[in-house]
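What the coordinates show
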Amino acid sequence: MTGAIELAGVTKTFGRIEALAPVDLVVEPGEIVTVLGPSGSGKTTLLRIVGGLDEPTAGTVTVAGASPHIARSAKRIGFVPQSPALLPWRTVAANARLLLDVNRSRPTAGPDPVDLLAEVGLAPFADAYPHELSGGMQQRVALVRAMALGAPLLLMDEPFAALDEITRTDMRHLLARLCEPLATTVLFVTHSIAESVFISDRVVVLSARPGRIVGVESVDLARPRHPSLEDDPAFFAVETRLRALLHEGAGR
Ligand code: ADP
Ligand code: MG
């Protein structure tokens, strides 16, 4: 079986800065994998390479057997950026279907953005404009916009990093609820341990720069994951193992 994402010996240098040491990783179709690492460990660089937005310096990358560039051109990759980047002159509903309006020939029918907006609790705000929404609500629109594309691969770069702690916790619960029933492969990037555990099937821990994989932890916690899971000793146990890997990768 071809992996949804396959990285072999991927490195990246920017001038004299080595951002990524050789990275080898296979993500299976339908898997939810988080890349967890400190700031500057090359997480965004890795995600941009998988998304076909940047080229590796060495090594090979494929997305469902094709080059990331081809996968991106074929609209087979959805992207949720760190800041929601909504169009201020479009309503919430119009932002949510933005990618459908510009890509009339999408490869697979995705979920209806109207249904998705309702699912993330934004139905009453469909006709509002982005400036009328809180940060968390804006980020939910960005999530809907990406998911409505119906792409088999979703890439997310710290989409909740700018939110307050309470909203951020709600968002990871929402994301798990949205992604669990789907066959979509998700590669999620974060520096939050709790976020990585709650969402993922597997967590890949990156070292401090240059980012290399210090360890991979399987998260064998039952799904669907309920918010109360975060009070479960099994949840803490995974967090503790990840914290140890992060410390190891920081050279402490
Ligand atoms: P992270 O997302 O984990 O915080 P990044 O992938 O953004 O890390 O960056 C990893 C390293 O590569 C950092 O030291 C950063 O300064 C450097 N870097 C990233 N992008 C560029 C770029 N376009 N030009 C030069 N250096 C870069
Ligand atoms: Mg980053």
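The structure displayed is predicted, hence computed values, not measured ones.

Observations regarding the site of ligand 1
Every residue lining ligand 1 is accounted for by Phe14, Ala19, Pro38, Ser39, Gly40, Ser41, Gly42, Lys43, Thr44, Thr45 and Arg209. Residue Thr45 places a side-chain N or O atom 2.5 Å away from an oxygen atom belonging to ligand 1. Separating an oxygen atom of ligand 1 from a side-chain N or O atom of Arg209 is a distance of 3.2 Å. For ligand 1, whose free accessible area comes to 560 Å², the fraction covered by protein is 61%. No other element matches the 3 residues that helix H1 (residues 43-50) contributes to the shell around ligand 1. Across the shell around ligand 1, the residue classes tally to 3 nonpolar, 6 polar and 2 charged.

Some words on unusual backbone geometry
Each neighbour pair has its own omega, and for Arg209 with Pro210 the value is -5°, a cis peptide bond. Take Pro210: it is sitting in the loop between strand S8 (202-206) and strand S9 (213-218). Cis peptide bonds are those with omega within 30 degrees of zero, and the linkage from Arg223 to Pro224 qualifies with -5°. Considering the arrangement of structural elements, one finds Pro224 in the loop between S9 and helix H9 (233-249). In this structure, Ala64 takes a positive phi of about 50° despite not being glycine. Within the secondary structure, Ala64 is located in the loop between strand S4 (58-63) and helix H2 (68-73). The partly exposed category is assigned to Ala64, whose relative accessible area is 48%. The phi angle at Lys75 is positive, at roughly 60°, despite the residue not being glycine. The topology assignment puts Lys75 in the loop between H2 and strand S5 (77-80).

Things to note about the packing of aromatic side chains
Under the counting rule described, the total for this entry stands at 1 aromatic pair. Judged by centre distance (5.9 Å) and plane angle (50°), the ring pair of Phe160 and Phe188 falls under tilted. Pair noted here: Phe160 is in the loop between strand S6 (153-157) and helix H7 (165-179) and Phe188 is in strand S7 (residues 185-190), with a separation of 28 residues, a long-range link. Taken individually, Phe160 and Phe188 each receive the classification buried, so the pair is uniform in this respect.

Some thoughts on the sheet that holds strand S3 (residues 32-36)
Neighbouring strands of a sheet are bound in pairs by backbone hydrogen bonds; such pairs are parallel or else antiparallel. Strand order in the open sheet made by the 6 strands is S5-S6-S7-S3-S8-S9, with mixed pairing throughout. Whereas interior strands pair on both sides, the edge strands pair on one side only; in this sheet they are S5 and S9. The sheet shows a mean angle of 15° between the axes of neighbouring strands, direction not considered. Bridging between S3 and S7 involves 5 bridges; their strand directions are parallel.

Quick notes on the sheet that holds S4
Read across the sheet, 3 strands follow the order S2-S1-S4 without closing on themselves; strand pairing throughout is antiparallel. Looking at strand neighbours, the two that pair on one side only are strand S2 (17-27) and S4, the edges of this open sheet. Averaged over all neighbouring strand pairs, the angle between strand axes comes to 25°, with direction disregarded. As paired strands, strand S1 (residues 5-14) and S4 are joined by 5 bridges and run antiparallel to one another. Looking at S4, one finds that Glu6 is bridged to Thr62.

So, H7
Between its first and last C-alpha atoms H7 spans 21 Å; for 15 residues at 1.5 Å apiece the expected length is 21 Å, and the two agree. Taken together, the buried positions of H7 are Arg168, Thr169, Met171, Arg172, His173, Leu174, Leu175, Ala176, Leu178 and Cys179. Lining the buried residues of H7 we find S3, helix H5 (113-119), helix H6 (135-147), S6, S7 and helix H8 (193-199). Backbone nitrogen of Ile166 and a side-chain oxygen of the N-cap are separated by 3.2 Å at the start of H7; the cap is Asp164.

Focus: the nonpolar core
With 33 residues, the main nonpolar core has Leu117, Leu143, Met156, Leu175, Val186 and Phe188 as its most contacted residues. For this core, the secondary-structure elements that each account for two or more residues are helix H3 (92-96), H5, H6, S6, H7 and S7. Looking at this core element by element, the count peaks at 6 residues for H6. Apart from the residues lying within four places of it in its own chain, the contact partners of Val186 are Glu31, Ile32, Val33, Leu154, Met156 and Cys179.

What to know about the pattern of salt bridges
Inspection of the entire model under this criterion finds 9 salt bridges. For Arg177, the salt bridge is made with Glu119, and the minimal N-O distance between the two is 3.5 Å. Taken together, the residues span a long stretch of sequence, with Arg177 in helix H7 and Glu119 in helix H5 at a distance of 58 residues. Between Glu195 and Arg168 there is a salt bridge; the shortest N-O distance is 2.6 Å. Taken together, the residues span a long stretch of sequence, with Glu195 in helix H8 and Arg168 in helix H7 at a distance of 27 residues.

The rules we used
Residues numbered from 1 in each chain as written. Chains lettered and ligands numbered in written order. Predicted model: local features only at pLDDT ≥ 70, side-chain atom pairs only at ≥ 80, totals over all residues. Heavy atoms only, no water. Near = heavy atom within 4 Å. Polar contact = N/O pair within 3.5 Å; in protein donor to acceptor, adjacent residues only side chain to side chain. Areas by Shrake-Rupley, 256 points an atom, 1.4 Å probe, with all protein chains shown as cover. Helix = DSSP H or I, 4+ residues; strand = E, 2+ residues; numbered from the N terminus. Nonpolar A, V, L, I, M, F, W, Y, C, P; charged D, E, K, R; others polar. Buried < 20%, exposed > 50% of the residue type's maximum accessible area, 1.4 Å probe, protein only. Phe/Tyr/Trp six-rings, centres within 6.5 Å; stacked < 30°, edge-to-face > 60°. Pairing = 2+ DSSP bridges. Axes fitted to C-alpha atoms, helices over the stretch in contact; angles between N-to-C directions. Expected span 1.5 Å × (residues − 1). Contact = heavy atoms within 4.5 Å. Core = buried A, V, L, I, M, F, W, Y, C linked by side-chain atoms within 4.5 Å. Salt bridge = Lys/Arg side-chain N within 4 Å of Asp/Glu carboxyl O.

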